[in-house]
Amino acid sequence: MIQQEHYDVCVIGAGPAGSTAACELAARGLRTVLIDRASFPRDKVCGDGISPRAVRILKEMGLHDEEVFSRFCRIEGVRISSPGRRLMEVRLTGDPEVEEGYVIPRKVFDHFLLQAALRRGAEIREGCEVLEIESAKRDACIRARTRQGRTFSLHAGYVVAAWGAHAGRLLRSRRTAPAADRLSVVAVRAYFEGVEPGPPFMEIHFDPGLVPGYGWFFPTGRGSANVGYGMRLDCLRARRDREPLRSLFRQLVETNPFLTRSLRNAAQVGPLRGARIPFRGVFRPLARGRVLMVGDAAGLADPLSGEGIATAMRSGSLAARSIVSAVGSGDPRSEASRTYRSDCRSEITRDLLCARILQSILVRPALVGPERLLDLFVEKAQQNARLARAIARLVIGDLPRTAVLRGAAWKKLFRALRGRS
Ligand SMILES: Cc1cc2nc3c(=O)[nH]c(=O)nc-3n(C[C@H](O)[C@H](O)[C@H](O)COP(=O)(O)OP(=O)(O)OC[C@H]3O[C@@H](n4cnc5c(N)ncnc54)[C@H](O)[C@@H]3O)c2cc1C
């Protein structure tokens, strides 16, 4: 039986981008439905790092509940090791300019955000896969299928496309195909229990032979940690040894001295799982007619760190605001897309472009190899607290990437690398 209903907005995907959008739309009185093919709480392959930028957005939305968040691992600092086994450590607690960050398993975090959207009045259809969207002049038609195989359609004034990295082609005759290899990182992660006690620092490890990829150790609290490794897809494919990512991960956890120390009595719980992080290409659409693309669906993760939760939430929020203002001004069809594109440019994509420039410099530096460059950075950061703090803030996603546009920032960096403060 075919049922048809009408909503102001249909949000496809209840990850951080979709739930943030639904939260803001429902709070402003728009009839909003979320559709997700999964049933919540659901797992999502991720490092689980909730950056200071994401925490800032939660606070703006009135969702940073101290009581809830105190149950999770609050990040107190950053530790980075270079291929030459140099280690830099920066404590960030007590730094008035740095917002706190957390490590929260996505199964918990995404469910928390979804519950907030439902409390504010959004509806959810779980276990329903969207098959197709047709964006027309008056509204959009969304066709979906339940897990039991029943198909249904609904109409919505607007669609927020928050389907993440793996939805393929959902928009009829529009390009939503996967990004090119150089615009993707592939990464694997596993949870470990029984890790050695230590300060709750986010750890990033660059290993000889495994650069330009990097490994991470993010403590999730109570003796457990999320441990992973990722690399740009084109760099992985260009490796002469053709080793799959999971073998490189094993090599990392078995040979990196900092990781072997933390994991010497630990056991892996659950499987090693992998996923892709897509980045933004110049021609990737942000909006088409009544469909606004947010989060990974628009390639909004940071190419430098792979961090995508904060930009997913920010884009979800910007899409919601654009729709609310278009509806308020009599609903001219293209106004929401226009406002959304322009807000994204000033608040997200300019920063991402700078992150891409920085990523390219680190992956293929001009004068020295990437391993030597990383050694040099860590060595100088060991001697220069300001440089160390700047690197730590870049890693946790607290420093705007647009800093690369400032000549003064480069001057300071070169002075630090030449040994002057
Ligand atoms: C290994 C790895 C580690 C990472 N580590 C971090 C980190 O530590 N910190 C960080 O900030 N970011 C990290 N990221 C990036 C981050 O996971 C993503 O950028 C973020 O999840 C994007 O959120 P989203 O809401 O756009 O998409 P998602 O979180 O992927 O949500 C998309 C939702 O859409 C649903 N969906 C998909 N297709 C359909 C369909 N056809 N119909 C209905 N529903 C559908 C899915 O079920 C899913 O629930 C990592 C990514 C990877 C792969």
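Quick notes on the rules
- Sequence order sets the numbering: in each chain, residues are counted from 1 along the sequence as written.
- Local features in this predicted model are restricted to residues whose pLDDT is 70 or higher, and side-chain atom pairs enter the listing and the counts only when it is 80 or higher, whereas totals over whole chains, interfaces and linings include all residues.
- Heavy atoms throughout the structure, all of them, feed into the side-chain values; hydrogens and water do not.
- Put simply, DSSP marks the helices as runs of H or I at least four residues long and the strands as runs of E at least two long, and each gets a number from the N terminus on.
- Given a helix with a known number of residues, its expected span is that number minus one, times 1.5 Å.
- Think of it in three bands: residues with accessible area under 20% of the maximum for their type are buried, residues over 50% are exposed, and the middle band is partly exposed, with areas taken using a 1.4 Å probe on protein chains only.
- Note: pLDDT gives the predictor's confidence per residue, expressed from 0 to 100.
- Two strands make a pair as long as DSSP finds a minimum of two bridges between them.
- Angular values range over 0 to 180 degrees, each being the angle between N-to-C directions of two axes fitted as lines to C-alpha atoms, with helices fitted over their stretch in contact.
- Residues count as neighbours in contact if any of their non-hydrogen atoms are within 4.5 Å of one another.
- Pairing of aromatic side chains requires ring centres within 6.5 Å, counting the rings of Phe and Tyr and the six-membered ring of Trp. Pairs whose planes differ by under 30 degrees are stacked, by over 60 edge-to-face, and all others tilted.
- Over a ring means this: the NZ of a Lys or the CZ of an Arg is within 6 Å of the ring centre and within 35 degrees of the ring normal.
- Each crossing is labelled by how the near helix is turned from the far one, with a counterclockwise turn of less than a right angle marking it left-handed and a clockwise turn marking it right-handed.
- Residue classes follow a fixed rule: Ala, Val, Leu, Ile, Met, Phe, Trp, Tyr, Cys and Pro count as nonpolar, while Asp, Glu, Lys and Arg count as charged, and any other residue, Gly among them, counts as polar.
- In this text, near means that some heavy atom of the residue lies within 4 Å of the molecule or strand in question.
- In protein, a polar contact means a hydrogen-donor-capable atom and an acceptor-capable atom, both N or O and within 3.5 Å, with residues adjacent in sequence counting only if both atoms are side-chain atoms; elsewhere, any N or O pair within 3.5 Å suffices.
- The protein chains shown are the only cover counted for residues, whose accessible areas, like all others here, come from Shrake-Rupley with a 1.4 Å probe.
- Throughout this description, the term nonpolar core refers to a set of buried Ala, Val, Leu, Ile, Met, Phe, Trp, Tyr and Cys residues connected via side-chain atoms within 4.5 Å.

**A closer look at helix H4 (residues 106-119)**
Stage number 1. An ideal rise of 1.5 Å per residue puts 20 Å on 14 residues; H4 measures up with 19 Å between its terminal C-alpha atoms.
Stage number 2. Along H4, the residues that are buried comprise Arg-106, Phe-109, Asp-110, Phe-112, Leu-113, Leu-114, Ala-116 and Ala-117.
Stage number 3. Phi turns positive one or two residues past the end of H4, at Gly-121, with a value near 115 degrees.

**Digging into the confidence of the model for the chain**
Stage number 1. Put simply, the chain has an average pLDDT of 90, and 92% of its residues get 70 or more.
Stage number 2. ipTM for the predicted complex: 0.99, alongside a pTM of 0.94.

**Details of the sheet that holds strand E12 (residues 184-193)**
Stage number 1. In space, the seven strands of this open sheet follow the order E6-E5-E13-E14-E15-E12-E16, with mixed pairing throughout. Here the strands that pair on one side only, and so sit at the sheet edges, are strand E6 (87-91) and strand E16 (267-278). Taken pair by pair, the neighbouring strands of this sheet meet at an average axis angle of 15 degrees, ignoring direction.
Stage number 2. Alignment of E12 against strand E15 (residues 224-232), held across nine bridges, turns out to be antiparallel. Directly across from Tyr-191, in E15, lies its bridge partner Asn-226.
Stage number 3. Of the strands in this sheet, strand E5 (77-81) and E6 are in contact with helix H10 (residues 370-383), which crosses E6 at around 50 degrees.

**Structural notes on unusual backbone geometry**
As a rule of thumb, non-glycine residues mostly have phi less than zero, and peptide bonds are mostly trans rather than cis.
Stage number 1. Following Phe-40, the chain continues into Pro-41 via a peptide bond in cis, with omega recorded as 0 degrees.
Stage number 2. Positionally, Pro-41 belongs in the loop between strand E2 (32-36) and strand E3 (49-50).
Stage number 3. Looking along the chain, the bond that leaves Val-211 and enters Pro-212 is cis, with omega of 15 degrees.
Stage number 4. Not every positive phi belongs to a glycine, and Asp-48 is a case in point at roughly 70 degrees.
Stage number 5. Note that Asp-48 resides in the loop between E2 and E3.
Stage number 6. Of note, Arg-222 is a non-glycine position whose phi angle comes to about 50 degrees, a positive value.
Stage number 7. Here Arg-222 is to be found in the loop between strand E14 (214-221) and E15.
Stage number 8. With a relative accessible area of 80%, Arg-222 lands in the exposed category.

**Quick word on the packing of aromatic side chains**
Stage number 1. Tallied over the full model, the rule gives five aromatic pairs.
Stage number 2. Their ring planes at 65 degrees and their centres at 5.2 Å tell us that Phe-69 and Tyr-102 sit as a pair that is edge-to-face. Of this pair, Phe-69 sits in helix H3 (residues 66-69) while Tyr-102 sits in strand E7 (residues 102-103), and the two are 33 residues apart along the sequence.
Stage number 3. Pairwise contacts between aromatic rings join Phe-206, Tyr-214, Trp-216 and Phe-218 into one cluster.
Stage number 4. The ring of Tyr-7 has Arg-31 lying over it, and the distance from NZ or CZ to the ring centre is 4.1 Å.

**Here we look at the environment of Ala-54**
Stage number 1. Tracing the backbone through its elements, the reader meets Ala-54 in helix H2 (residues 52-60).
Stage number 2. Sequence separation of Ala-54 and Ile-204 is 150 residues, and the distance between their C-alpha atoms is 19 Å.
Stage number 3. Beyond its immediate sequence surroundings of up to four residues, Ala-54 is in contact with Ile-309, Ala-310 and Met-313.

**Focus: the packing of H2 against helix H8 (residues 309-328)**
Stage number 1. Where H2 meets H8, the axes come as close as 8 Å, and the angle between the chain directions of the two elements is 35 degrees. Considering the relative orientation of H2 and H8, their crossing is left-handed. Here Arg-53, Ala-54, Ile-57, Leu-58 and Glu-60 of H2 come into contact with H8, specifically with Ile-309, Ala-310, Met-313 and Arg-314.
Stage number 2. Residue composition of the contact of H2 with H8, by class: six nonpolar, no polar and three charged.

**Re the site of the ligand**
Stage number 1. In the region of the ligand, 36 residues are neighbours, and Asp-36, Gly-47, Arg-106, Asp-296 and Gly-308 sit closest.
Stage number 2. Contact between the ligand and Arg-37: a nitrogen atom at 3.1 Å from a main-chain N or O atom of the residue.
Stage number 3. The contact in question runs from an oxygen atom of the ligand to an N or O atom on the side chain of Arg-106, over 2.9 Å.
Stage number 4. When the ligand sits alone it has 1,000 Å² of accessible area, and the protein chains cover 95% of it.
Stage number 5. Elements supplying a minimum of two residues to the shell around the ligand: helix H1 (16-27), E2, strand E9 (128-135), E14, E16 and H8.
Stage number 6. Here the shell around the ligand is composed, by residue class, of 19 nonpolar, eight polar and nine charged.

**Some words on the nonpolar core**
Side chains of nonpolar character tend, in soluble globular proteins, to be buried together.
Stage number 1. In this structure, Leu-25, Ile-133, Ile-142, Ile-323 and Tyr-340 are the most contacted members of the largest nonpolar core, which totals 76 residues.
Stage number 2. The element that contributes the greatest number of residues to this core is H8, accounting for nine residues.
Stage number 3. Those residues in contact with Ile-142, other than ones at most four positions away along the chain, are Cys-10, Ile-12, Ile-35, Val-130, Glu-132, Ile-133, Phe-152, Ser-153, Leu-154, Ala-156 and Val-159.
Stage number 4. Within the second largest apolar cluster, 27 residues are counted, among which are Phe-206, Leu-374, Ile-391 and Leu-413.

**A closer look at the pairing of strand E11 (residues 151-161)**
Stage number 1. The buried count for E11 comes to nine of eleven residues, which makes it a mostly enclosed element.
Stage number 2. Across six bridges, the pairing between strand E10 (residues 140-146) and E11 is antiparallel. Bridge pairing in E11 links Arg-145 to Thr-151.
Stage number 3. In sequence, E10 turns back onto E11 through a hairpin of four residues, with Gly-149 there showing a positive phi of about 95 degrees.
Stage number 4. Of the strand pairs in this sheet, E11 and strand E18 (residues 291-293) are connected by three bridges, and their pairing is parallel. Note on E18: the bridge partner recorded for Val-160 is Leu-292.

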